[in-house]
Amino acid sequence: MAIEREKLVYICYSDIAGQVRGKGFPARDLEKRRRFGVGWTPTNIMINCLGRIPKTPFGPLGDLHLVPVDSQDVVLDFGDGTPVEHWLLGEVRTLDGVDWECCLRSLLRRALTELENEMGLRILASFEHEFYLEGAEERSGDAYALSSLRSNAVFSEEFIGALRANGLEPETYLPEYGTKQYEVTVDPAPALEAADRAVKLREICRAVARRHGFRASFSPLVTRGVAGNGVHVHYSLLDKEDRPVTWDPQQPGELSEAGGSFAAGILRHIRALCALTAPSVISYDRLKPNSWSAFWGNLGLRDREALLRICPYPQAADVDPAPCYNLEYRASDAAASPYLQLAALVFAGLQGLREKLPAPPITEGDPEALGPEKRQEMGILDLPRSLGEALDALESDQTVLSWLGPTLSQAYLLHKRGELEMLADKDEAEICRVYTEAY
Ligand code: GLU
Ligand code: MG
């Protein structure tokens, strides 16, 4: 009897390395696996983006479960006889079914629950992604050019179609400023779903690119001196009835009191947050002056170099600004898990609300020009200038570590310092290459 191809399904999660890892099983066992998941082990969280485990606090010990969560399955069926890719997002739990301390999706859930319980607030979010399409055509002068879309139109349509088919509600798609660089945005969604979407989007993009002989890379930087790939996190606050509460036309920048305290919490802890939102060696070569990313810990109005940017909304008599008004956090990239990124922002914002911090001043122009004294007076911190500096800032910020808890804090610092050491003697071109491959 001829062998029949057997369909496989995967359960996976997004880990400290921002990688999507998991285990597969025959599709016929789907219902059983939906209930019980697959086995997992604590040390797996220590696998870095280079596929190595320099050190682990867990050793070979322990058993966990990777169990599917209530999020739409990803199904990539191109209808042409090629294998259908089918996977489910999961969370890592203990054998008793309790959230595991190092599961980043449950960390985000906890952050959102605390925000809702303590402040009666929810988050609406969207991750804006840039990526590099290796193998795409290149032409001098092609930034934002129609020709850059035409040259890979089939990939583009299939990518957007795959996002739509998997519930991601694509919003815009464009060739970016960098060569072979593209950007894609999806509609905002409740925070947990927004982070699920970000995990799915990166993998869907990689899968579709591969079909067309391209390689999509979300590495923060692909080539030195060429525009980096950001992952800008847009967010706004809702009350318990899902009414938008970030906009207040009476306040500076039209930022409500709650929105101001939330932003101030982020800025207060920004040096430690960077270790969680921009967590690769190469991330700090993206966060440079004049590169439309972020260089200072400031709040800016429609300023594409501010760390937190107040975004514009359509100015028309029949458009209510309240649901459109949102802020964008720009010191983030795809080396981080979207769950960890958003959890860090939510915890920091919640801390700002707890302490009733006043809204940060809105900068005009480049904070560089203000000089160090004025910046200090305005509470504008320097972002860390390297991963090592960011990790030191994280280690010395007890408040941020308390959000993560002792086990995750220790695992995270060990994981990232191991990565740093592995790349310590590599030159920048080699580091770019390694990250381009990893992400
Ligand atoms: N490529 C820029 C970054 O690294 C962002 C450009 C933009 O969309 O404003 O964040
Ligand atoms: Mg962009």
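Residues numbered from 1 in each chain as written. Chains lettered and ligands numbered in written order. Predicted model: local features only at pLDDT ≥ 70, side-chain atom pairs only at ≥ 80, totals over all residues. Heavy atoms only, no water.

## Points about the overall build of the protein
Check the secondary structure of the protein and you find 15 helices and 18 strands. A compact globule built from 439 residues should have a C-alpha radius of gyration of about 22 Å, and the protein, at 21 Å, falls within 12% of that. C-alpha extents for the protein along the principal axes are approximately 80 × 55 × 55 Å. Residues counted as buried form 55% of the 439 residues belonging to the protein. When contacts within the protein are restricted to residue pairs at least 6 apart in sequence, those whose partners lie at least 24 apart make up 70%. Counting every atom, the protein has about 19100 Å² of accessible surface; 51% of that belongs to carbon and sulfur. (Helix = DSSP H or I, 4+ residues; strand = E, 2+ residues; numbered from the N terminus. Rg over C-alpha atoms; globule rule 2.2 N^0.38 Å. Buried < 20%, exposed > 50% of the residue type's maximum accessible area, 1.4 Å probe, protein only. Contact = heavy atoms within 4.5 Å. Areas by Shrake-Rupley, 256 points an atom, 1.4 Å probe, with all protein chains shown as cover.)

## Some thoughts on the pattern of salt bridges
Evaluation of the coordinates by the stated rule reveals 37 salt bridges. A salt bridge links D80 to R211; the nearest nitrogen and oxygen atoms lie 3.1 Å apart. Of the two residues, D80 sits in the loop between strand 5 (74-76) and strand 6 (85-93) while R211 sits in helix 5 (residues 191-211), which places them 131 residues apart along the sequence. Overall, R211 belongs to the partly exposed group, its relative accessible area being 33%. A salt bridge links R206 to E203, with the shortest nitrogen-to-oxygen separation between them at 2.8 Å. Taken as a pair, R206 and E203 lie in helix 5 at a separation of three residues, close to a single helical turn. (Salt bridge = Lys/Arg side-chain N within 4 Å of Asp/Glu carboxyl O.)

## Some thoughts on the packing of aromatic side chains
Scanning the model with the defined rule gives 15 aromatic pairs in all. Each ring, one from Y13 and one from W40, has its centre 5.4 Å from the other, and the planes form 80°; the classification is edge-to-face. Of this pair, Y13 sits in strand 1 (residues 8-14) while W40 sits in strand 3 (residues 38-40), and the two are 27 residues apart along the sequence. When sorted by exposure, Y13 lands in the same class as W40, which is buried. Centroid distance F131 to F218: 5.3 Å. Interplanar angle 40°. Geometry classified as tilted. Of this pair, F131 sits in strand 7 (residues 121-134) while F218 sits in the loop between strand 11 (215-217) and strand 12 (231-239), and the two are 87 residues apart along the sequence. The pair formed by F131 and F218 is uniform in burial state, with each residue classed as buried. Taken together, the ring pairs in this structure connect F131, F155, F159, Y173, Y182, F214 and F218 into an aromatic cluster. Across the ring face of F295, the terminal group of R385 is positioned such that the distance to the ring centre comes to 3.6 Å. (Phe/Tyr/Trp six-rings, centres within 6.5 Å; stacked < 30°, edge-to-face > 60°. Lys NZ or Arg CZ within 6 Å of the ring centre and 35° of its normal.)

## Side note on the site of ligand 1
Around ligand 1, a shell composed of E128, E130, E176, E183, G228, G230, H232, R286, W292, S293, R304 and R330 is seen. Measuring from an oxygen atom of ligand 1, one finds a side-chain N or O atom of E176 at 3.1 Å. G228 places a polar main-chain atom, nitrogen or oxygen, 2.9 Å from a nitrogen atom of ligand 1. Compared with its free state, where it exposes 300 Å², ligand 1 has 93% of that area covered by protein. Here the residues of the shell around ligand 1 are counted per class, giving one nonpolar, four polar and seven charged. (Near = heavy atom within 4 Å. Polar contact = N/O pair within 3.5 Å; in protein donor to acceptor, adjacent residues only side chain to side chain. Nonpolar A, V, L, I, M, F, W, Y, C, P; charged D, E, K, R; others polar.)

## Points about the packing of helix 7 (residues 270-277) against helix 10 (residues 338-354)
In contact at an axis separation of 9 Å, helix 7 and helix 10 are set at 160° when each is read in the N-to-C sense. Judged by the inter-axis angle, helix 7 sits roughly antiparallel to helix 10. Judged by the twist between their axes, the crossing of helix 7 over helix 10 is right-handed. Note on element contacts: helix 10 touches helix 7 through L340, Q341, A344, L345 and A348, opposite L273, L276 and T277. Taken together, the residues of the contact of helix 7 with helix 10 break down into six nonpolar, two polar and no charged. (Axes fitted to C-alpha atoms, helices over the stretch in contact; angles between N-to-C directions. Parallel < 35°, antiparallel > 145°, perpendicular 65-115°, else oblique. Left-handed = near helix turned anticlockwise from the far one by under 90°.)

## Some points on the pairing of strand 8 (residues 170-175)
Where strand 8 and strand 9 (residues 181-186) come together, five bridges link them in antiparallel fashion. Its bridge partner being in strand 9, Y173 is matched across the sheet by V184. Here strand 8 folds back onto strand 9, and the loop between the two strands holds five residues, one of which, K180, carries a positive phi near 55°. (Pairing = 2+ DSSP bridges.)

## Considerations on the pairing of strand 1
The buried fraction of strand 1 amounts to five of the seven residues, a majority that puts the element mostly inside the structure. Sheet topology note: the strand 1/strand 2 (residues 20-26) ladder contains seven bridges and is antiparallel. Counterpart to C12 in the pairing with strand 2 is G22. Hairpin geometry of strand 1 and strand 2 is characterised by an intervening segment of five residues between the two adjacent antiparallel strands and by a positive phi of about 70° at G18. In this structure, strand 1 lies alongside strand 6, joined through three bridges in parallel fashion. Following the sheet pairing, Y10 is matched in strand 6 by W87.

## Quick look at the side chain of S283
Mapped onto the elements, S283 comes out in helix 8 (residues 283-286). Of note is the side chain of S283, whose polar atom sits 2.6 Å from the side chain of S280. If we skip the residues at most four places from it in the chain, S283 touches P220, A278 and D333.

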